[in-house]
Structures are given as C-alpha cells and as structure tokens.
Amino acid sequence: MARFTTLASTALFAASVAAQSSTYVNPAVPTGTPIAGDYTGALRPQVHFTPPKGFMNDPNGMFVDANGTWHLYYQYNPTGTVAGNQHWGHATSDDLYHWVNQPIALFPPEETVYVFSGSAVVDSNNTSGFFPDQDNGVVAIFTLARYYDDGSPGPQTQNIAYSRDGGYSFEYYEGNPVIDSTSTQFRDPKVLWYEDHWVAVVAYSQEFTIGMWTSPDLKEWTFASNFTPHGLLGTQYECPNFVKMPVRDADGAVVDEKYVLAISIQPGAPLGGSVTEYFIGDFNGTHFTLSDAVTRLTDFAKDNYAAQFFYGVPDGQNQVNIGWASNWQYTQQVPTGNLEGWRSAMTAPRVNYLTEAPRIGLVMVDEPYDLTPVLDSQLNASTFDGEGTIALDYSSVESGALYLEVNVTNINMTQLTQYSTLNISFASPASGEILQSGIYFGGDAPFFVNRGGIKGFDNVFFTDGFSIADVYSTGSGDGLASWSMKAVIDRSIFEVFVDRGIHAATVVFYPLQPLTALNLAARLPSGAQVSVDIWSLKSTWAELENQNGTVSGNTTSGGN
C-alpha cells in the first residue's frame, strides 16, 4: 500500500509531460531522465534493488515482457527520505539482479490526488482496444486517492493508464475511474488473466474484505465475490496478490496447481507493524474457495511486506515475487536516510511454488532466484562429520555481500541433545558488532536470527530476535533426517531460506562498521554430514558507476 503516494500519467520527456495538461509535476522532480544515485555507501546493498535516492516503499506493476525484461515499478518519493510526494519509480532488469534505473514512470494527475498501489498486465490480445497494431501494450491499474484542502481523505477509486512503448510511458484512460467508489478505504488492485477474462482483487481495507471483480477489457468491471474475513486481521488488509502456482512433490515434479491469495496486514502484525499472510485454494473465475482454514505467513521476521508476483510468468512454471524489505513501524527513521540519502530496499527475487512440508501440509516455498549472474568467487567449500568450525575473513570482498549454503544429512534423531546446534554469525572486528543465526536441532528445532548485537540503529519497535520451529525432513524409515539453509547477506540486509525454503526470513540491520567476519560452528552427533559452501557476490551497481561513484541509469528514450 502506498498511503502517502502520488501517481499519474507518465512521460519520458518533459515535453510530453507538459503536453498532458492533467498531469501535476513537482518542479523539483526531473522528467525524461532517471534520477542519479550514489551506491557506494557502507549501508547500501549491492545485489538488492534500492532507489537512487529518496524514499521507496511497495513494489507495484511488476511484469516480465516477451523479451525477458523484468519491469519493477515502486512507490517513490524522489524529493525526501520519508513517505510523501510519491511517484511510481521504474527499473528494468534482464536477470532480476542487475537493475537499470529508468525515468520516473508515473506522475500525479493533480497535486492533491495520490496514487496508491496497483499492478500492470501485458494486454497481448488487445482486449482493451488501446493497442490495435501491437501485442506488447501494457495496462497499469491502480488506486487514486483524493485528499481535500483540510487534509481529510476523499474517495479511493480504481483507475487505469496504458503504455504503447512497452511500459516506459503511460497515458491516463479518459474514462477513469474504471471501478468507482465513495469509500476512503478501497485500494491496491492486483489483476490477472483467467481463461477468457480479467480478474482484479481489491482490498476493502478496514472491512477486512478482498473484493473480486471481472472484466473483458480492463475498462468495464463487474463485481463477482468477496473473500472475508479470514486469518490474521491486524488493523486493515492491504496489497492483495492473487496467482496460480504449481504444487510439486518431494522430487520436484508438478502434481497439481492451486491459487494463492496473499494479503498484507498493516499495522497489527503478530510481531508488530507489517506482515504478509497467504491462503491456498481453488478459483473458478469468480470465487476463491479455501483448501483449508490455515493462516500462513510469508516470513517469520519483520522486514518483508507487500510482495508482488510478476505478471507474465508462463502458466505452470514457478512464480516469482519481490517484496518491500522494511516495516512501517520504523522505516522512516532508519539511518540510511540521514547518512546516505536513501531509504528502503527490495527483497532479493524469490522463486515460489507449493509443496508438502512435514506435518504442516501445503506451504509456499521461498527460494532465491537463480544467483548465477552475481556469484563471484567460492570462498569456502567444507565438509565434516558431526562437529566442525569455519572462520572466514571476507573483508576483501568489495561488495560486502555473501551467499551461503548449508546442507546437513544423516542426522540420527535419537542422538540429538540440547547441545546439538549449528550457529552462524557475521561480525565486525572493528566495532564488535555481531549478527547471529542458527538452529537447535533437538526439541522443537527452532531456527533463529538475532540482530540485537548490531548497534547502528535504536528504536523501540526494532525487534532484536526472531525464530521459527522447524519440522525438518526425515528419511524413509531409517530414522535419519536432513536439513538445509540458504542465505544472502548484503551489507544491511540478511535473507535466510530454511529447510528447502519452507520457512524464510528477511531482516534489515544497520551496523556502525561493515561486517567482515563469518564464523560457523556445528555440534552434531558423529555420522551427521555437514556441507558448507560460501561464495562472494558481485556488486550489481559498481559496473554502472562513473568515476565519482554515481549511477545515472538509462538516459536514452524508449527504454533502450
């Protein structure tokens, strides 16, 4: 949700913006050129997307085009490091890691009409009639929210804009709004294609209801059904996402397909602030039917919100999402704004499918998208029986970013004790700060992350520790178990994917000095096999910097 966002008709050039008389352009916001940014700061992630400067929140309008270009739009304040005066920023990538900053995509239609979250689709069959001679037309659907002169909120309505150049510039539809409303709490449409019509899910936020609407052409919409109320309510529902996802067995084969409805809660998450829950079920084109009554969370930490699935991923394949790596409880106070002039990162891209977890049932797997484009040098490859340690100095890794895989097999469940652990820490020898994580294999087998040893940010809501009970995989009747984890650490963000991605956590942290020392210690019964692989990651921004360390982005027309 972009509660403070401004949107609008887009343009790559100032002349085209000026020609659209209904568009409001803040004089301080550049048109026709991307905003430049300094990506050399000690806290600036190097393999995650961050805005060039200013404040960013929710991902919006994400799609992949026929050429394999991934488009990321996002809520953006280019003139400050807190929410407000927000536009739709835009970036593109061929691999979901190397991003090119594009000119701002959407400007506000009026000074006091703000643009909240939305989505985008490729109208390849020209159902809308906007694209008579092409199959790559893009339609964005989003919420416009009016505010009156006294600051009180007016109605929130759903509107569309269309792009004839593949998503780089947009024009408002003259027939807006396409879904009218008198409510001040009706927002964040996500659109998908179902057989022969479009479907939109929209949040009636403070009624804890997700409305489902259908349309043949993206312009005329008919109410179909409501999903209400389910799961954790928080204070309001936001940013619904709806997608069809493959169900895979333990060998990775597709055995079924289900629909997943994700709902973001803000505020009022179990750990405070923001969180995203999801539900699994079936869809007939108008109604979503739950497979069970279980409420599932995408993350067990606090810093993944409003994730959106990319439109355009082929049917039957794993889905791909990116989320906003922050929490509304403290996002406008974190030190990157004061120290480096930007705030908020996106999560790493994640691959998603459904699978059966031991005892838990169906869950959505979160795993990092193919990291090959950013893998650099293998810093360590170790295998040991039961007990072992690794101490790694990675201060020479220019990006400060690492990828880590741990696989543990042949765990004899009958030999586990309270001291059967695997601990991983990242530390700064200069400041004594430490980020800790690990698992206690005995008992409830909790996996934990603790950022309490990082001293660069203090806030009452900046919770130190997070944990999840892990029912890890047992063998086929031999009494042996296995467990795995993957993790990315990138200067000020840590993402971990536990036991084949059944659990995931996103944790931001702000050290006074860079973390440069990794320590791993395994204490397991003899016979347990521990395999550890550690790679350095290449900076995706360094190759774009000029001699002053500035990244300018795409300054040519048409996104070329």
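All figures in this text were calculated on a predicted structure; none of them were measured in a lab. (Residues numbered from 1 in each chain as written. Predicted model: local features only at pLDDT ≥ 70, side-chain atom pairs only at ≥ 80, totals over all residues. Heavy atoms only, no water.)

## Quick notes on the overall build of the chain
Broken down by element type, the chain carries two helices and 38 strands. Radius of gyration (C-alpha) of the chain: 23 Å, near the 24 Å computed for a compact globule of 560 residues. Counting only C-alpha atoms, the chain reaches 70 × 55 × 45 Å along its principal axes. Across the 560 residues in the chain, those meeting the buried criterion constitute 61%. Put simply, of all contacts in the chain between residues at least 6 apart along the chain, 63% involve residues at least 24 apart. Looking at the chain as shown, the accessible area adds up to about 20200 Å², and 48% of this sits on carbon and sulfur atoms. Distance between charge centres in the chain, computed from 23 positive and 56 negative side chains, equals 4 Å. (Helix = DSSP H or I, 4+ residues; strand = E, 2+ residues; numbered from the N terminus. Rg over C-alpha atoms; globule rule 2.2 N^0.38 Å. Buried < 20%, exposed > 50% of the residue type's maximum accessible area, 1.4 Å probe, protein only. Contact = heavy atoms within 4.5 Å. Areas by Shrake-Rupley, 256 points an atom, 1.4 Å probe, with all protein chains shown as cover. Lys, Arg positive; Asp, Glu negative; His and termini not counted. Charge placed at Lys NZ, Arg CZ, Asp CG, Glu CD.)

## Some points on the confidence of the model for the chain
Of all residues in the chain, 94% have pLDDT values of 70 or greater, and the mean over the chain is 91. Segment residues 1–21 is flagged for pLDDT under 50; beyond a separation of four residues in sequence, or across chains, it makes 95 contacts in the model. Here residues 556–560 scores under 50 on pLDDT; set against residues more than four positions off or in separate chains, the count is eight contacts. (pLDDT = per-residue confidence, 0-100.)

## Side note on the sheet that holds strand 2 (residues 54–64)
Pairing in this open sheet of five strands is mixed, and the strands run 5-4-3-2-21 from one edge to the other. At either end of the open sheet lies a strand with only one pairing partner, and these are strand 5 (99–101) and strand 21 (342–343). Where strand 3 (residues 70–77) meets strand 4 (residues 87–93), seven bridges bridge the pair, whose relative direction is antiparallel. The residue bridging tryptophan 70 from the neighbouring strand is serine 93, located in strand 4. (Pairing = 2+ DSSP bridges.)

## Regarding the pattern of salt bridges
When the charged atoms of two side chains with opposite charge come close together, those side chains can pair. Per the stated rule, a full pass over the model turns up 14 salt bridges. With its nearest N and O atoms 2.9 Å apart, the salt bridge here joins arginine 146 to glutamate 110. Taken as a pair, arginine 146 in strand 7 (residues 138–147) and glutamate 110 in the loop between strand 5 and strand 6 (113–122) lie far apart in primary sequence, 36 residues in all. As a salt-bridge pair, arginine 451 and aspartate 303 come within 2.9 Å of each other at their nearest N and O atoms. (Salt bridge = Lys/Arg side-chain N within 4 Å of Asp/Glu carboxyl O.)

## Regarding unusual backbone geometry
Following asparagine 176, the chain continues to proline 177 via a peptide bond in cis, the omega torsion being -5°. Along the polypeptide, proline 177 turns up in the loop between strand 9 (171–172) and strand 10 (186–194). A cis amide bond, omega -10°, links glutamine 266 with the succeeding residue proline 267. Residues other than glycine seldom take positive phi values, yet glutamate 195 does so here, at roughly 55°. Residue placement: glutamate 195 occurs in the loop between strand 10 and strand 11 (197–204). Of note, the phi angle at phenylalanine 208 is positive, near 55°, even though the residue is not glycine. Relative to the helices and strands, phenylalanine 208 resides in the loop between strand 11 and strand 12 (209–215).

## A word on the pairing of strand 15 (residues 254–265)
Strand direction decides the pairing type here: strand 14 (residues 237–248) and strand 15, joined by ten bridges, are antiparallel. The residue of strand 15 that forms the bridge with valine 247 is aspartate 256. Here strand 14 hands over to strand 15 after five residues, with glycine 252 in that stretch at a positive phi of 95°. Strand direction decides the pairing type here: strand 15 and strand 16 (residues 275–283), joined by seven bridges, are antiparallel. When the sheet's bridge partners are listed, tyrosine 259 is paired in strand 16 with glycine 281.

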